[in-house]
Amino acid sequence: MVFDSFADFLAMGGRGVYVWTAYGISAVVIVASMVQAVRQSTVMRDTLARQARRQQQTENTHESGT
Amino acid sequence: MRAFRATLMRELLLLWRNPAEIINPLFFFVMVVSLFPLAISPEPKQLALVAPGVVWVAALLAVMLSMDGLFRRDQESGVLDQLLTAPVLPVIPVSAKLLAHWLMTGLPLVLVSPLLGHMMQLPTLALEPLMLSILLGTPSLTVVGAIGAALTVGLNRGGILLAVLVLPLYIPVLIFGAGAVTTAVQGGPVDGVLAVLGALLALTLSLGPLAVAAGLKISSGN
Amino acid sequence: MLWKTIKRGYHQLGSPRYFYRFSSAVLPWLTPIALITFVVGIVWGLAFAPPDYQQGNSYRIIYIHVPASSGALMGYVAMGIAGMVAVVWRMKMAEIMIKAIAPFGAALTAISLVTGALWGKPTWGTYWQWDARMTSMLILLFMYIGVIALQNAIRDPRQAARAAGLLAMVGVINVVIVKYSVEWVNTLHQGSTLKLVGESTINPAMKYPLLISMLGTWLLYAVNVMVRARTEILSRERRSGWVKQLVAAGGR
């Protein structure tokens, strides 16, 4: 650590606002993109699972009907 | 070659019979430019300062707006499918179509540009570079715009999407086109800048029609 | 021997099913490695790298700015290459990649612009300069938006991917030309001759954390692309037997 204290680290030699805003926005954007990617993947899996279940049901009712 | 000439004549005839497609971009060009003296100031010095950029941006937008309908009619009438499945390479009729489109929409812009430059208080010595830069630049704009038109041909919200796709691709031409005029106003040598515009034109003419043909193939699902 | 391996790898990774299996095996360890590398690089840069003798501590924005810019540029070039493969050879995996690469690339471009502006303010007193790098990045963002918008506008996924691929190919050529033309216009209108980074000599103590955070960003990009590609594979291959089996088995 090149800073003397944690407060020094936060202050960034008086430029803390710029440095921490830059990192904050970057973190939000990266996390948002990651979360979106994972959520789309879960939603897709759920949709496929639901479709499969529905298809199974219709097949079952057909079998019991005939 | 015969296929090229036949398409060219057909396209010219079609555009000639529908003069709104020629005249509207021209009117648009003139009207947009004449908005600026009203919006900025009629003061000659201020106008001359922004004139190269204003005339160039207006020309660019006029070309872009004229691109939207380029392939639409052909697609609706089924001519496009014939063109893509015909025994000739699609590049040939596509090139003819682009040439016809530029002759009917781009060339009129070139011809009125000195008039607009003069109205925007450009010094007389800059009018010839303005005309030359638009002469060398608008064909590139037509070809690059046609790539966007080819990719959006079947889509119903084509217009605004076309702008989003094509405007970033227009930036180099805009920079060197307006740059040539600015250089002329400042009294610098224009040849080099016009040569760069010519190089961009050579690049778009050699690769552009291929990309347009490929785009049409993709859009028509072949 | 090597050529055969490369060829086999190309054909295997070219198959969506194989890619799905491959990424299932890779993701569980690539994800933590990417996260750790990224965090180590950033923390090292923020807390342990020495301050710049001219800029003090505001230069520390470099540890996110440069990795984001490099990732954004590489992503667009990769998308252009995938576009070529998709348009010329109609390879399915390339089509899937075009769609998977775009979102994180656009995000990194936005990060590059925002961090560049926040770095510019304390360094030369303005958030925005129309210099060659920042202008090119802005145009790059527009072009990412164009690719994404075109993809969203076309309903058929294969057609959408190939159209976007062709646009990305044209875009790659455009990025190069834009860079040089903006440099030229800046020599025409003199005045903005400020330099973004003093690039000549960089202290190794500053360089290593930069290289690590760069690697970390690329790895995160790879993870993001893989996750998105997997979603797209499931969506496209939903009618195929192996996806049905996968869904019936409950998932992974």
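Placed above this text is the structure.
Rules and cut-offs
Residues numbered from 1 in each chain as written. Chains lettered and ligands numbered in written order. Predicted model: local features only at pLDDT ≥ 70, side-chain atom pairs only at ≥ 80, totals over all residues. Heavy atoms only, no water. Helix = DSSP H or I, 4+ residues; strand = E, 2+ residues; numbered from the N terminus. Rg over C-alpha atoms; globule rule 2.2 N^0.38 Å. Buried < 20%, exposed > 50% of the residue type's maximum accessible area, 1.4 Å probe, protein only. Lys, Arg positive; Asp, Glu negative; His and termini not counted. Charge placed at Lys NZ, Arg CZ, Asp CG, Glu CD. Contact = heavy atoms within 4.5 Å. Expected span 1.5 Å × (residues − 1). Arc of directions from axis to C-beta. Axes fitted to C-alpha atoms, helices over the stretch in contact; angles between N-to-C directions. Parallel < 35°, antiparallel > 145°, perpendicular 65-115°, else oblique. Left-handed = near helix turned anticlockwise from the far one by under 90°. Nonpolar A, V, L, I, M, F, W, Y, C, P; charged D, E, K, R; others polar. Polar contact = N/O pair within 3.5 Å; in protein donor to acceptor, adjacent residues only side chain to side chain. Buried area = accessible area lost by both parts, 1.4 Å probe. Salt bridge = Lys/Arg side-chain N within 4 Å of Asp/Glu carboxyl O. Phe/Tyr/Trp six-rings, centres within 6.5 Å; stacked < 30°, edge-to-face > 60°.

## Focus: the overall build of chain A
Each helix and strand in chain A was counted, giving two helices and zero strands. Against the compact-globule benchmark of 11 Å for 66 residues, chain A has a radius of gyration of 26 Å, which places it well outside the compact range. Summarising its shape, the C-alpha atoms of chain A cover approximately 80 × 20 × 10 Å along the three principal directions. Here chain A holds 66 residues, and the buried ones make up 24% of them. Seen as two clouds, the 6 positive and the 5 negative side-chain charges of chain A have centres 8 Å apart.

## Some remarks on the environment of Leu46 of chain C
Residue placement: Leu46 of chain C occurs in helix H2 (residues 16–48). For the pair formed by Leu46 of chain C and Pro103 of chain C, sequence separation is 57 residues and the distance between their alpha carbons is 27 Å. Each residue touching Leu46 of chain C, except ones within four places of it in the same chain, is listed here: Phe3, Phe9, Met12, Val19, Trp20 and Tyr23 of chain A together with Arg60 of chain C.

## What about helix H1 (residues 2–17) of chain B?
All names here are of chain B. When the terminal C-alpha atoms of H1 are compared, their 23 Å separation across 16 residues agrees well with the 22 Å that a helix rising 1.5 Å per residue should span. Restricting attention to buried positions, one finds in H1 the residues Thr7, Leu8, Glu11, Leu12 and Leu15. For H1, the angular spread of buried residues about the axis comes to 130 degrees, placing them on one side. Facing away from the buried side of H1 by more than 90 degrees, the exposed set consists of Arg2, Arg5, Met9, Trp16 and Arg17. Check the buried side of H1 and you find it contacts helix H2 (20–39), helix H4 (72–77) and helix H6 (91–119).

## Considerations on the packing of H2 of chain B against H6 of chain B
All names here are of chain B. Running from amino to carboxyl end, H2 crosses H6 at an angle of 30 degrees, the nearest separation of the two axes being 9 Å. Considering the angle they form, H2 stands roughly parallel to H6. At the point where H2 passes H6, the crossing takes the right-handed sense. Two secondary-structure elements touch here, H2 through Glu21, Ile22, Pro25, Leu26, Phe29, Val30 and Val33 and H6 through Met104, Thr105, Pro108, Leu109, Val112, Ser113 and Leu116. Across the contact of H2 with H6, the residue classes tally to 11 nonpolar, two polar and one charged.

## Quick look at the packing of H2 of chain C against helix H7 (residues 204–236) of chain C
Residue and element names in this part refer to chain C. Relative to each other, H2 and H7 sit at 150 degrees, their axes nearing to 7 Å. Considering the angle they form, H2 stands roughly antiparallel to H7. Considering the relative orientation of H2 and H7, their crossing is left-handed.

## Considering the side chain of Ser66 of chain B
Residues and elements named next belong to chain B. Topologically, Ser66 is positioned in helix H3 (residues 44–67). When its relative accessible area of 13% is taken as the criterion, Ser66 is described as buried. One polar contact links the side chain of Ser66 to the main-chain carbonyl oxygen of Val63, over a distance of 2.7 Å.

## Observations concerning the interface of chain B and chain C
Contact residues are listed per partner, giving 28 residues for chain B and 29 residues for chain C. Together chain B and chain C conceal approximately 2300 Å² of surface at their shared face, both sides included; 81% is due to carbon and sulfur atoms. On the chain B side of the interface with chain C, the three residues burying the most area are Leu151, Leu169 and Ile218 of chain B, jointly 23% of the side's total. For the pair chain B and chain C, the number of links is zero salt bridges.

## Overview of the packing of aromatic side chains
Residues and elements named next belong to chain C. The tally for this structure, following the rule as stated, stands at 10 aromatic pairs over all chains. Here the aromatic rings of Tyr76 and Tyr144 are separated by 5.1 Å at their centres, their planes lie at 85 degrees, and the arrangement is edge-to-face. With a gap of 68 residues between them, Tyr76 in helix H3 (residues 62–89) and Tyr144 in helix H5 (residues 132–153) connect regions that are remote in the sequence. Where Trp128 meets Trp130, the ring centres are 5.5 Å apart and the plane angle is 80 degrees; that geometry is what we call edge-to-face.

## Observations concerning the interface of chain C and chain A
The interface of chain C with chain A comprises 37 residues on the first partner and 30 residues on the second. Carbon and sulfur atoms make up 72% of the surface buried where chain C meets chain A, a total of about 3000 Å² over both sides. Along the contact surface separating chain C from chain A lie zero salt bridges. Taken together, chain C and chain A are joined by five residue pairs in polar contact (both at pLDDT 80 or more). For the side of chain C that touches chain A, the secondary-structure elements that each account for two or more residues are H2, H3, helix H4 (92–124), H7 and helix H8 (241–248) of chain C. Considered class by class, the residues forming the side of chain C that touches chain A number 23 nonpolar, eight polar and six charged.

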